[in-house]
Amino acid sequence: MNNLEISVISPVYGAASLLPELVARIDKTLSKITSEYEIILVEDNSPDNSWEIINQIVETNDRVVGLSLSRNFGQQNALTAGFDYATGDYIITLDCDLQDEPENIEYLYHKALEGYEIVFASRVDRQDGFIKKTASFLFYKVLGYLTETQQDNSIANYILYSRKAVDAMAKMGDYYRYYPMLNKWVGFKSVKLSISHAKRKDNMLSSYTYRKRLRLAFSTIVAFSDKPLRLILGLGFIFVLLSLSVALILVVRYITMGHEVSGWLSVFLSIWFLSGITTITLGLIGIYIGKIFETVKNRPTYLIKGITRKS
């Protein structure tokens, strides 16, 4: 199959009522740019009737391809499935909740024609609650510090990639995939473009719970950085130096002032404190080993249950 001009990928979860409008607005925008395009909707085992709606859309729109995953693999792996099936020279990813307005695809595309391989959509006047925006800000600050990269909390999944950039990311063998990190690692000429950010039309709460976000954050930090291990190592050296300093002070006081070292409580607390540090250290190492174990099993990052497209 010859490559199309543009592929648009949208992971689908918990937004069935928005899908017809999403596809209609993407269609309207892309038809102004090219006649060679496709829309890939990756249904990530959504609890609603999203797959049924996708099949209905496919019956009347030969531009749409529906992929149904065998279980919920998560947004990043759903994007991977979309990348693997996309045939466009330019691939655009966006969420299905219409907060990423499809009309902005045109601006991203024309910016890419200036020679950029990756165009990031930066959300201005973000339409999210205070808690969500604050949590996002803190997450990216911690992620940037622990991975030693520059992170921008105004950028999410609304991104245009060239075929070259997508092929480069596909070569990376990471089992735990987080595209805001992968697209920085591959490099290439990139630019940030300010766009508007809309409120969610169906007034539903995001299915991306804080628990899921924390799990994603922890997995991402462990997958992309060994800095937590280095911090623990540094902490260990600090405790060793402190212990030696205290021991030296106690010896000097005993020799010069005759103060005897006593206090079973201080010894008891020290043992518990150091045991806690040891347990944390071993636990952190165990997490890294667990991630290695998951990776070496070489399991696929997603499984396709069904594919639908108009014949």
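A quick note: this is a predicted structure, and the numbers were derived from the prediction, not measured.

## Description of the overall build of the protein chain
For step 1, the next point in the chain: Helix and strand counts for the protein chain come out as 10 helices and eight strands.
For step 2, the next point in the chain: Relative to its 311 residues, the protein chain shows a buried fraction of 45%.
For step 3, the next point in the chain: Restricting the contact set of the protein chain to residue pairs at least 6 apart, pairs at least 24 apart contribute 85%.

## Concerning the packing of aromatic side chains
For step 1, the next point in the chain: Inspection of the entire model under this criterion finds two aromatic pairs.
For step 2, the next point in the chain: Between Arg 63 and the ring centre of Tyr 37, over which it is positioned, the NZ or CZ distance is 4.5 Å.
For step 3, the next point in the chain: Lying across the ring of Phe 73, Arg 71 places its NZ or CZ 4.0 Å from the centre.

## As for the pairing of strand S2 (residues 37–43)
For step 1, the next point in the chain: With seven of seven residues buried, S2 is to be regarded as a mostly interior element.
For step 2, the next point in the chain: Both faces of S2 are covered, namely the face carrying Tyr 37, Ile 39, Leu 41 and Glu 43 and the face carrying Glu 38, Ile 40 and Val 42.
For step 3, the next point in the chain: Taken together, the seven bridges between strand S1 (residues 4–12) and S2 define a ladder with parallel strand orientation. The partner of Ser 10 across the bridge, within S2, is Leu 41.
For step 4, the next point in the chain: Chirality of the crossover, the property in question, places the unit of S1, helix H1 (residues 19–30) and S2 among those that are right-handed.

## What to know about the sheet that holds strand S5 (residues 118–124)
For step 1, the next point in the chain: Spatially, the eight strands line up as an open sheet ordered S7-S5-S6-S4-S1-S2-S3-S8, and their pairing is mixed. Two strands bound the open sheet, and with one partner strand each, they are strand S7 (190–196) and strand S8 (304–309). Each adjacent strand pair in this sheet contributes to an overall mean axis angle of 20°, direction not counted.
For step 2, the next point in the chain: Sitting on the sheet, helix H6 (residues 163–170) touches strand S4 (88–93), S5 and strand S6 (155–162), and the angle it makes with S6 is about 110°.

## Some remarks on the pairing of S4
For step 1, the next point in the chain: Across the six residues that make up S4, a large majority, five, are buried.
For step 2, the next point in the chain: One ladder, built from five bridges, connects S1 with S4; its direction is parallel. Paired with Val 8 across the strands is Ile 92, a residue of S4.
For step 3, the next point in the chain: Relative to S6, S4 runs antiparallel, the two sharing four bridges.

## With respect to the pattern of salt bridges
For step 1, the next point in the chain: Under the defined criterion, the tally for this structure stands at five salt bridges.
For step 2, the next point in the chain: Asp 167 is the salt-bridge partner of Arg 163, the closest N and O atoms lying 3.4 Å from each other. A residue pair is termed a helical-turn pair when its members lie 3 or 4 positions apart in one helix, as Arg 163 and Asp 167 do in helix H6 at four residues.
For step 3, the next point in the chain: On the basis of relative accessibility, which here comes to 36%, the residue Asp 167 falls in the partly exposed class.
For step 4, the next point in the chain: Connected via shared salt-bridge partners are Glu 21, Arg 25 and Glu 103.

## Some points on unusual backbone geometry
For step 1, the next point in the chain: One non-glycine residue with positive phi stands out, namely Asn 45, at about 55°.
For step 2, the next point in the chain: Following the sequence through the fold, Asn 45 ends up in the loop between S2 and helix H2 (50–60).
For step 3, the next point in the chain: Backbone geometry places Phe 188, a non-glycine residue, at a positive phi of 75°.
For step 4, the next point in the chain: Among the secondary structure elements, Phe 188 is positioned in the loop between helix H7 (179–185) and S7.

## Quick look at a nonpolar patch on the surface
For step 1, the next point in the chain: A grouping of Leu 235, Ile 238 and Leu 242 is seen on the molecular surface, where their side chains present a nonpolar patch of about 250 Å² in accessible area.
For step 2, the next point in the chain: One can find Leu 242 in helix H9 (residues 227–257).

## A look at the side chain of Glu 38
For step 1, the next point in the chain: If you trace the backbone, Glu 38 turns up in strand S2.
For step 2, the next point in the chain: We note that Glu 38 is buried and unpaired, the nearest opposite charge coming from Arg 309 at a distance of 4.3 Å.
For step 3, the next point in the chain: One polar contact links the side chain of Glu 38 to the main-chain amide nitrogen of Thr 87, over a distance of 2.9 Å.
For step 4, the next point in the chain: If near-sequence neighbours (up to four positions away) are discounted, Glu 38 is found in contact with Leu 4, Ile 6, Ser 7, Val 8, Arg 63, Val 65, Tyr 85, Ala 86, Thr 87, Gly 88 and Arg 309.

## Side note on H2
For step 1, the next point in the chain: Residues of H2 that are buried include every one of Ser 50, Ile 53, Ile 54, Ile 57 and Val 58, and no others. In an axial view of H2, the angular spread of the buried residues amounts to 140°, which keeps them on one side of the axis. Away from its buried face, by an angle of more than 90 degrees, H2 presents the exposed residues Glu 59 and Thr 60.
For step 2, the next point in the chain: On its buried face, H2 is in contact with S1, H1, S2, strand S3 (64–69) and S8.

## Some remarks on the packing of H1 against H2
Two packed helices can be described by the angle between their axes and the distance between those axes.
For step 1, the next point in the chain: Two numbers describe how H1 lies on H2: the axes approach to 10 Å, and their chain directions differ by 40°. Looking at the two axes, H1 sits oblique to H2. Once H1 is placed against H2, the crossing between them reads as right-handed. Counted together, Leu 19, Pro 20 and Val 23 of H1 and Ser 50, Ile 53, Ile 54 and Ile 57 of H2 form the full contact between these two elements.

What counts and how
- Residues numbered from 1 in each chain as written.
- Predicted model: local features only at pLDDT ≥ 70, side-chain atom pairs only at ≥ 80, totals over all residues.
- Heavy atoms only, no water.
- Helix = DSSP H or I, 4+ residues; strand = E, 2+ residues; numbered from the N terminus.
- Buried < 20%, exposed > 50% of the residue type's maximum accessible area, 1.4 Å probe, protein only.
- Contact = heavy atoms within 4.5 Å.
- Phe/Tyr/Trp six-rings, centres within 6.5 Å; stacked < 30°, edge-to-face > 60°.
- Lys NZ or Arg CZ within 6 Å of the ring centre and 35° of its normal.
- Pairing = 2+ DSSP bridges.
- Right-handed = clockwise from strand over helix to strand, strands pointing away.
- Axes fitted to C-alpha atoms, helices over the stretch in contact; angles between N-to-C directions.
- Salt bridge = Lys/Arg side-chain N within 4 Å of Asp/Glu carboxyl O.
- Patch = residues over 30% accessible without salt bridge, like charges linked within 9 Å, V, L, I, M, F, W, Y side chains within 5 Å.
- Areas by Shrake-Rupley, 256 points an atom, 1.4 Å probe, with all protein chains shown as cover.
- Lys, Arg positive; Asp, Glu negative; His and termini not counted.
- Polar contact = N/O pair within 3.5 Å; in protein donor to acceptor, adjacent residues only side chain to side chain.
- Arc of directions from axis to C-beta.
- Parallel < 35°, antiparallel > 145°, perpendicular 65-115°, else oblique.
- Left-handed = near helix turned anticlockwise from the far one by under 90°.

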